[in-house]
Structure formats: C-alpha cells, structure tokens
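For reference, the chains in residue letters:
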Amino acid sequence: LAISSALTPSSFLSASDKKRLTDLFTSNLSGNDLSLSYAVLGLKVLGSNPGNAADLCKKIQASLDSDKVSAEALMAATSAAKSLGSCPLKLNAQASQILKSQASVADLHHGVLSQLNLGQKVDSASVLKALTEALKKDDSIGSLGLAFNLAAHLGKTEGAAVFDRIEDAIVQAE
C-alpha cells in the first residue's frame, strides 16, 4: 500500500487508460490469490470502489488459509485488507511462521510489512539485526532496494544503519 500510495495515476493516465485498468482489476476480483489482492490495491489507487468489502475480505482470508501461502502473498493480502478498512485477518500456522522465519531480505521485507499492515508491533532492533545478516548473504541491488524500503518503516536510528548502504547501491549501479 505504501508503494501504491506514492503513485499519481491521474497525472499520467488518460481517461481511457484508467477505464482499461479499472476493467482489468475488476475482472481479477473473482480470484482467490495474489491477483485478488493486487486488484483491490489497484482499484484503490485508481480511486475506484473495489466492491463489497466484506465479501472481498472473506476472499482475502481464504487466500491466506492455504498451507502454501508465501511471504509475498501474505504481504499482498495484508496490504489489500488494510486498504479495505475493517478487514481483520486471522493468520493460520503457516502464515504466522512466515512472519517468524525471515531468511532472505525479501522475506524479511514482506514479513515485517505484513506485521505493520496487521497493526502488530515490530521489534526494530531485531529486524535490523536480521536485515544486516540477510544483507551479508545477498547485497544485490534488489535486496538493497527492499532493505531501504524496510528501513524507512523502522525508526530513524535503526533506519540510519541501513541507509549507510546507499553508497554500495550507487557503486553497483555504476
């Protein structure tokens, strides 16, 4: 949701573009996977009403009840639920485990943002420690980008330690 909120589609999309995207997102509201979550978020960004929030919330919950829910799916679902407003989600054991086992920078990013979307408190010091360890294993430009985004959600002090890596990202980009 944070990423989608930064977009200003009314400045760059024509009315026909917005209609086409609205139709595309609306057609994906019948799904029970990532497409449903992204459809809800996309419609919200475009300023369109995604429909009956209670029904959508039930579908989002159903997508999380799978034994094979991924960190990305968890983050997308919690973001969509948050954008709908009153959509409390109950995590099953698999989804709860994802929030505790962040091995990669991407999983850590998705897990922490999911916790924030659910209104859960995040231990910034623990996240910073786990993020530092994950960056030792993979400091690619993609991982650094996710780390910067995650650091923006941490406190100023914790985030500063990650922002010191901006120079590393610039060197990789050159």
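Anything mentioned here points back to the structure above.
Remember, it's a predicted structure, so these values are computed and weren't measured experimentally.

Undergrad: An account of the overall build of the protein chain is requested, with residue identities and associated values reported.
TA: Of regular secondary structure, the protein chain possesses 12 helices and 0 strands. When the elements of the protein chain are put in sequence order from the N terminus, they spell out α-α-α-α-α-α-α-α-α-α-α-α. Residue pairs at least 24 apart in sequence account for 63% of intrachain contacts in the protein chain once pairs closer than 6 positions are excluded. In the form shown here, the protein chain has an accessible surface area of approximately 9600 Å², with 55% of it arising from carbon and sulfur atoms.

Undergrad: Residues and numbers for helix 10 (residues 141–153), please.
TA: Here helix 10 is 13 residues long and its end C-alpha atoms lie 19 Å apart, about the 18 Å a rise of 1.5 Å per residue gives. The set of residues buried in helix 10 consists of Ser143, Leu144, Ala147, Phe148, Leu150 and Ala151. The buried residues of helix 10 occupy one face: seen down the axis, they fall within an arc of 165°. On the buried face of helix 10, the contacting elements are helix 8 (105–117), helix 9 (124–137), helix 11 (156–163) and helix 12 (166–173).

Undergrad: Provide a residue-level description of the environment of serine 27, including the pertinent values.
TA: Position of serine 27 relative to the elements: it lies in helix 3 (residues 15–27). Since its relative accessible area comes to 47%, serine 27 is described here as partly exposed. Separated by 12 residues in the primary sequence, serine 27 and alanine 39 place their C-alpha atoms 8.3 Å from one another. A polar side-chain atom of serine 27 sits 2.7 Å from the main-chain carbonyl oxygen of leucine 24.

Undergrad: Tell me what's going on with the packing of helix 6 (residues 71–84) against helix 8, and back it up with residues and numbers.
TA: For the pair helix 6 and helix 8, interaxial distance at closest approach is 8 Å and the crossing angle is 25°. Taken together, helix 6 and helix 8 sit at an angle that is classed as roughly parallel. The two elements helix 6 and helix 8 cross, and the hand of that crossing is left-handed. Residues Ala71, Glu72, Leu74, Met75, Thr78, Ser79 and Lys82 of helix 6 form the contact with helix 8, whose own contacting residues are Asp107, His109, His110, Leu113, Ser114 and Asn117.

Undergrad: Give me the state of the cysteines: which residues, what numbers.
TA: Evaluation of the coordinates by the stated rule reveals 1 disulfide. A sulfur-sulfur separation of 2.0 Å characterises the disulfide bridge that pairs cysteine 57 with cysteine 87. Its torsion about the S-S bond being 100°, the disulfide of cysteine 57 and cysteine 87 is classed as right-handed. Of the two residues, cysteine 57 sits in helix 5 (residues 53–64) while cysteine 87 sits in the loop between helix 6 and helix 7 (93–100), which places them 30 residues apart along the sequence. For the pair cysteine 57 and cysteine 87, one class covers both residues: buried.

Undergrad: Please set out the pattern of salt bridges residue by residue, giving values where relevant.
TA: All chains considered together, the criterion is met by 4 salt bridges. Salt-bridge contacts for lysine 136 lead to glutamate 133; the nearest nitrogen and oxygen are separated by 3.2 Å. One end of the pair, lysine 136, and the other, glutamate 133, are both in helix 9, 3 residues apart, so they sit about a helical turn from each other. Aspartate 139 serves as the salt-bridge partner of arginine 165, at 3.5 Å between the closest nitrogen and oxygen. In this pair, arginine 165 sits in the loop between helix 11 and helix 12 while aspartate 139 sits in the loop between helix 9 and helix 10, placing the two residues 26 residues apart along the sequence. Judged by relative accessible area, arginine 165 falls into the partly exposed class, the value being 22%.

Undergrad: Could you give an account of the side chain of serine 63, naming the residues involved and the relevant values?
TA: Mapped onto the secondary structure, serine 63 falls in helix 5. At 2.6 Å, the side chain of serine 63 and the backbone oxygen of isoleucine 60 are in polar contact. When near neighbours in sequence (up to four residues on either side) are disregarded, serine 63 contacts Asn32, Asp33, Val69 and Ala77.

Here is what the cut-offs are and how they apply
Residues numbered from 1 in each chain as written. Predicted model: local features only at pLDDT ≥ 70, side-chain atom pairs only at ≥ 80, totals over all residues. Heavy atoms only, no water. Helix = DSSP H or I, 4+ residues; strand = E, 2+ residues; numbered from the N terminus. Contact = heavy atoms within 4.5 Å. Areas by Shrake-Rupley, 256 points an atom, 1.4 Å probe, with all protein chains shown as cover. Expected span 1.5 Å × (residues − 1). Buried < 20%, exposed > 50% of the residue type's maximum accessible area, 1.4 Å probe, protein only. Arc of directions from axis to C-beta. Polar contact = N/O pair within 3.5 Å; in protein donor to acceptor, adjacent residues only side chain to side chain. Axes fitted to C-alpha atoms, helices over the stretch in contact; angles between N-to-C directions. Parallel < 35°, antiparallel > 145°, perpendicular 65-115°, else oblique. Left-handed = near helix turned anticlockwise from the far one by under 90°. Disulfide = S-S within 2.5 Å. Salt bridge = Lys/Arg side-chain N within 4 Å of Asp/Glu carboxyl O.

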